[in-house]
Amino acid sequence: MQANEFENAPLRFGTNLGLILDYFDMYKEDPSSVSDEMKYLFDTITTGLDGDAPSSSTTLSNASQDKIKGILQWLNDIRQYGHLKADVYPVYAPEIDNAPNFDFEAYGFSSSDLEALPASIVSEAIKDKFSNALEAANYLEEVYTSPLSYEYTHINNSEERAWLQDAIEGAGEISLTDEEKLHLFKELVKTEGFEKYLHKNFVGAKRFSIEGVDSLVPMLDHLLTKMAEENIPHLQIGMAHRGRLNVLTHTLQKPYAMMLSEFMSTDPMKFLPEDGSLVLTNGWMGDVKYHLGGVKTRTDKGITQTVTLANNPSHLEIVGPVVQGRTRAQQEKRDEKGYASHDLDNSLGVIIHGDAAFPGQGVNPESMNLSNLEGYSVGGAMHIITNNRIGFTTEEWDARSTLYASDIAKGFDMPVFHVNADRPEYVLRVIDIAIQYRQKFKKDLVIDLIGYRRYGHNEMDEPMTTNPTLYNEVHAYPTIDHLYGDQLIEEGVLTKEDKDAILQAIQDELRDAHDQIDKNDTIVTKDIQTPEVILEGQANEEEKDISLDRLKKINEELLTYPEGFSPMKKLGNVLARREKPFTDDTALVDWAHAEALAFATINQDGTPIRLTGEDAERGTFAHRHAVLHDPETGKTHTPLHNVSGSEASFEIYNSPLTEMAVVAYEYGYNVESNETLTIWEAQYGDFANMAQAIFDVFVSSAHSKWGERTGLTLLLPHAQEGQGPEHSSARLERYLQLCAENNMTVVNLSSSANYFHLLRRQAKYLNTEKMRPLVVMSPKSLLRNTTASQPISEFVNGQFHEIIVPEYKKTKVKTVVLASGKMAVDLLEAEAKKEESNDELLIIRLEQLYPFPGQAIKEILDGLTNLKEVRFVQEEPQNQGAYHFALPYLLDIVPSKATLNYVGRKPSASTSEGNGGSYKLIQNSIIENALK
């Protein structure tokens, strides 16, 4: 082996020293038992320690053996545990039990031992920078215990570990130019000065100050610079309320006058930049200023970049998967059939977390689990923990069971970087390494920005009452503008007069903006009106372009498979039956067939579709089969990708067994891509319980709060079928309780054709002012039910029906029954079994529950001259389902001559009975009472 080859092979051992120690034990017993490269390494080290080259039958002294082990162990430990001794805490440094001691003597070797060895023994990345191992080791200790420390040895991929080691150790000393330091100082002065101005002029006003982690703002500014170098044009940011006003003001460059105007309850839109570079939306109800977001177009980094800060409620971490979904939507192109094309470098997601919430909120591990999945990956998101060291009044020892707030991320194989927030030059360095890692490996990473919180949870709190030890230190600690400014004075970058002038300039700029605002121009009012376009709702227009020939051709293409591909024989036979409705008038189109035809026509109309959910490809009830598998080859085929004339993508992915993060992700995807029919399907409807916060604070209310529109569609299997309490109810009543101001559509259908037309109506209104979420109580047993299935004629040139009414005789009807979904089908089937039809009874199928079709029902009831009774029939318990929601509407429209009665299960704490036999008895009783 050539001498210089020693520099190339074995010195990668730094990332796997435990294995090297095992090899060394083998080497001691028999030098020939290890590889040539490893033997050369040990020969070199032992030569340096003992002074003579070992013979083939070498017998090292016990002292030399111990020294070799000690050196290797020290190198391993400094990389693995150096963070425990790192200078990453500006104040209130914790006492770490059993912290390592990196003194050479503690490992059994001395400085002179290292001096005798080459620097390459320590690190290949710095072998040319130092003359011996001692100099290299001292440098290595400085690197791993500096204000920027690292955790990466837990990562399974050896290539990632080796790359990170080289990047960390080879980065060299931080060396900013005077111009770069001055720019950094001014960024910090703007950040801190803004907070100080608000604190002085709006005493006690909630703003959730950034002070203590001010360096987040220059961190984001530097990230934009590095993104421009990588030609990444879009940045998506999600964060909770702390520091949001500062990010809005300095990262999205929202004018000071706009922000100050919001504190004064005057109209901020008067100060919106006229160049259109800043886009802000607001709903008619509005929200507090520290929940609002926006989109800024910037050109100051050399390319055109957009910065999006997502709107966020007070559910701290819930915006994380929303931002992941928005990022994915921004990365994809959906204008061709098949799966969307995916450019990971078109957008970068940055999720800013709180230190208490990151380990405390379950949505975070749910979201991180999405990071490497095909249907959800965004090619690496950056997670930044703005670590205040406290959550409200709860300190670290009561907030988590781990040392660091970031520790849960290590379970997902993510590198973690801890950085002192008050050492801003190190804060920029971590971005340099982080962006390189993201671009190299397209994986998530975590930056733990460790600082403090200058005031209480909000500016009205007094933290000394609960956290005096911490706040004694904080109150005695200078702010970062003075810390870094004084450092630059010592370095000769600026003078004290320069520093004072820069500090004063930002206060003057804020005062000038403040003086522009007329405090009498108030927007405070009690008269809040819903926009007329929202109240108009969606029309149900007959579709003229859905011809029989068009549907027949689509159907043929759905049943045409690629050469050499065959689905499982049994499934192939089932799918082949879908030809019959086009040749036999008595054959029917079932639910999944109707859905496939709808999706195909929607794609042909140029609307992309994204469908995800637990087992979505097959469908929970083995009904959809949107992705087919060849049992012989294992190859897959997606029939909807074979439809000619398709002008948009169709994507379908099985999701992990997760609800909150996945629903939030799909919500974010649809917000960013309003034109995409985005659908999430629950395995069973009650699984959506785990995502309730998404429905409450995003889906139902985002438009009215923030002006944020979504057309997200939810498919929630729902019906009483004797399967017990947990698989019977999608909690229909919860969605209806959220309904107001035409904010969403809620349906419980009984017809496959109506489902077809509903999906097409939903797609039609996407990306318009009338777009709204759609909640479908989707069927289970009705999927193949012949009453719910419809002939193909019902699909041709049809429309969605909010109610379905059979032919009836106005003068005969005495009783009207209103029912939805499976309950309606049960009634129809029971009535059909009777020997004679009952003209005195009319069953109206209530397909759309919200917006409630009261006027259409009223017109029917008013025309029934002999009407005696209206029965609202449901299979859910009386305190659940649609009854209490529908009751006020019914009281308004049922004629005074008729009585209104409820037929259904009695009030119950549970959604259903657990015994299947009991279910049948109770269900039959409901049917009998409804039809008597």
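Looking at an unreviewed UniProt entry, one finds the chain named oxoglutarate dehydrogenase (succinyl-transferring) and attributed to Jeotgalicoccus meleagridis. The UniProt entry for the chain carries the following text under Catalytic activity (unreviewed entry): "N(6)-[(R)-lipoyl]-L-lysyl-[protein] + 2-oxoglutarate + H(+) = N(6)-[(R)-S(8)-succinyldihydrolipoyl]-L-lysyl-[protein] + CO2".

*Asks:* Describe the overall build of the chain, and please don't skip the residues or the numbers.
*Replies:* Counting secondary structure elements, the chain contains 31 helices and 27 strands. Based on the C-alpha atoms only, the size of the chain along its principal axes is roughly 110 × 75 × 50 Å. Counting the 932 residues in the chain, one finds 59% classified as buried. For the chain, restricting intrachain contacts to residue pairs at least 6 apart in sequence, the fraction spanning at least 24 positions comes to 80%. When the accessible surface of the chain is split by element, carbon and sulfur atoms take 47% of a total near 36900 Å². One way to put it: in the chain the 87 positive side-chain charges average out to a point 8 Å from where the 140 negative ones average out.

*Asks:* Summarise helix 31 (residues 916–931); cite the residues concerned and give the values.
*Replies:* Residues that lie three or four places apart on an α-helix share one face, since the helix turns once every 3.6 residues. Compared with an ideal rise of 1.5 Å per residue, which puts 16 residues at 22 Å, helix 31 spans 23 Å between its outermost C-alpha atoms and is within 8% of the ideal. All of the buried residues along helix 31 are Tyr919, Gln923, Ile926, Ile927, Ala930 and Leu931. Looking straight down helix 31, one finds that the buried residues subtend no more than 115 degrees of arc, so they occupy a single side. Seen from the open side of helix 31, the exposed residues pointing more than 90 degrees away from its buried face are Leu921 and Glu928. On its buried face, helix 31 sits against strand 23 (815–819), helix 28 (821–832), strand 24 (841–846), strand 26 (869–877) and strand 27 (899–905). You can read the cap of helix 31 off the contacts: a side-chain oxygen lies 2.8 Å from the backbone nitrogen of Gly917, and it is on Asn915.

*Asks:* Any chance you could break down the layout of surface pockets for me, citing the residues and the numbers?
*Replies:* A volume near 810 Å³ is recorded for the largest pocket. Taken together, 27 residues make up the lining of the largest pocket; nearest its centre are Asn282, Met285, Gly286, Asp287 and Ile523. Of the pockets and cavities examined, the second largest pocket occupies roughly 650 Å³. Around the second largest pocket, the lining is made up of 29 residues, and of these Val574, Leu575, Arg578, Asp590 and Arg784 lie nearest the centre. For the lining of the second largest pocket, the secondary-structure elements that each account for two or more residues are helix 21 (569–576), helix 22 (591–604) and strand 15 (628–629). Looking at the lining of the second largest pocket, its residues break down into 13 nonpolar, seven polar and nine charged.

*Asks:* Can you lay out unusual backbone geometry for me, pointing to particular residues and giving the numbers?
*Replies:* Both trends apply: most residues other than glycine have a negative phi, and most peptide bonds are in trans. Cis geometry marks the peptide bond from Tyr850 to Pro851, where omega comes out at -10 degrees. You will see that Ala622, though not glycine, has its phi angle at about 55 degrees, which is positive. Take Ala622: it is sitting in the loop between strand 14 (609–613) and strand 15. With a phi close to 50 degrees, His625 is a non-glycine residue in the positive phi region.

*Asks:* Let's hear about the environment of Val533: which residues, and what values?
*Replies:* Topologically, Val533 is positioned in helix 19 (residues 532–536). C-alpha separation for the pair Val533 and Lys770, spaced 237 residues apart in sequence, amounts to 6.9 Å. Apart from the residues within four sequence positions on either side, Val533 is in contact with Glu769 and Lys770.

*Asks:* Mind laying out the packing of helix 8 (residues 216–229) against helix 15 (residues 424–441), listing which residues take part and the relevant values?
*Replies:* In a packed pair of helices, the relevant descriptors are the angle between the two axes and the axis-to-axis distance. The N-to-C vectors of helix 8 and helix 15 enclose an angle of 35 degrees; their axes lie 9 Å apart at closest approach. Crossing of helix 8 against helix 15: the hand is right-handed. Mapping the contact onto sequence places Pro218, Met219, His222, Leu223, Lys226 and Met227 in helix 8 and Val427, Leu428, Val430, Ile431, Asp432 and Ile435 in helix 15. Its residues assigned to classes, the contact of helix 8 with helix 15 comprises nine nonpolar, one polar and two charged.

*Asks:* Which residues make up the sheet that holds strand 12 (residues 416–420), and what values go with them?
*Replies:* Read from one edge of the open sheet, nine strands run 1-12-13-9-8-2-5-4-3, paired in mixed fashion. Each edge of the sheet is formed by a strand with only one pairing partner; in this case those strands are strand 1 (148–151) and strand 3 (278–279). Pairing of strand 12 with strand 13 (residues 445–450), which is carried by five bridges, proceeds in the parallel orientation. Across the sheet, Phe417 pairs through a bridge with Ile447, a residue of strand 13. Strands in contact with helix 11 (residues 319–331) are strand 2 (234–239), strand 5 (305–309) and strand 8 (347–354); relative to strand 8, the strand with the most contacts, it is inclined by about 175 degrees.

*Asks:* Give me the pattern of salt bridges: which residues, what numbers.
*Replies:* When their charged atoms lie close together, side chains carrying opposite charge are able to pair. For the structure on display, the rule yields 50 salt bridges. Between Glu396 and Arg400 there is a salt bridge, with the nearest N and O atoms lying 3.4 Å from each other. Across this residue pair, the class does not change: Glu396 and Arg400 are buried. Linking Arg511 and Asp515 is a salt bridge whose minimum nitrogen-to-oxygen distance equals 3.2 Å. On the criterion of helical spacing, the pair formed by Arg511 and Asp515 is a turn pair, its members being four residues apart in helix 18 (residues 496–515). Here the salt bridges do not stand alone but share partners, grouping Glu543, Asp545, Arg550, Asp605 and Arg760 into one network.

*Asks:* Hey, could you go over the sheet that holds strand 22 (residues 803–804) for me, with residue numbers and the actual values?
*Replies:* If you walk across this open sheet you meet the five strands as 22-24-23-26-27, and the pairing is mixed. In this open sheet, the two strands that pair with only one neighbour each are strand 22 and strand 27.

*Asks:* Describe in detail the packing of aromatic side chains, supporting the description with residues and values.
*Replies:* Summed over all chains, the structure comprises 29 aromatic pairs. Arranged with centres 6.0 Å apart and planes meeting at 85 degrees, the rings of Tyr150 and Phe417 form a pair that is edge-to-face. Taken as a pair, Tyr150 in strand 1 and Phe417 in strand 12 lie far apart in primary sequence, 267 residues in all. As far as the burial class goes, Tyr150 and Phe417 line up, both buried. Chaining the aromatic ring pairs together yields one cluster made of Tyr144, Tyr150, Tyr152 and Phe417. It is Lys289 that lies over the ring of Phe263; its NZ or CZ is 4.4 Å from the centre.

Cut-off values and rules
Residues numbered from 1 in each chain as written. Predicted model: local features only at pLDDT ≥ 70, side-chain atom pairs only at ≥ 80, totals over all residues. Heavy atoms only, no water. UniProt positions renumbered as here; feature names shortened; annotations may be inferred. Helix = DSSP H or I, 4+ residues; strand = E, 2+ residues; numbered from the N terminus. Buried < 20%, exposed > 50% of the residue type's maximum accessible area, 1.4 Å probe, protein only. Contact = heavy atoms within 4.5 Å. Areas by Shrake-Rupley, 256 points an atom, 1.4 Å probe, with all protein chains shown as cover. Lys, Arg positive; Asp, Glu negative; His and termini not counted. Charge placed at Lys NZ, Arg CZ, Asp CG, Glu CD. Expected span 1.5 Å × (residues − 1). Arc of directions from axis to C-beta. Polar contact = N/O pair within 3.5 Å; in protein donor to acceptor, adjacent residues only side chain to side chain. 1 Å grid on protein atoms, 1.4 Å probe; cavity = no way out; pocket = protein on both sides within 12 Å on 5 of 7 lines; lining within 4 Å. Points joined across faces, edges and corners; volume = space filled by probe spheres on them. Nonpolar A, V, L, I, M, F, W, Y, C, P; charged D, E, K, R; others polar. Axes fitted to C-alpha atoms, helices over the stretch in contact; angles between N-to-C directions. Left-handed = near helix turned anticlockwise from the far one by under 90°. Pairing = 2+ DSSP bridges. Salt bridge = Lys/Arg side-chain N within 4 Å of Asp/Glu carboxyl O. Phe/Tyr/Trp six-rings, centres within 6.5 Å; stacked < 30°, edge-to-face > 60°. Lys NZ or Arg CZ within 6 Å of the ring centre and 35° of its normal.

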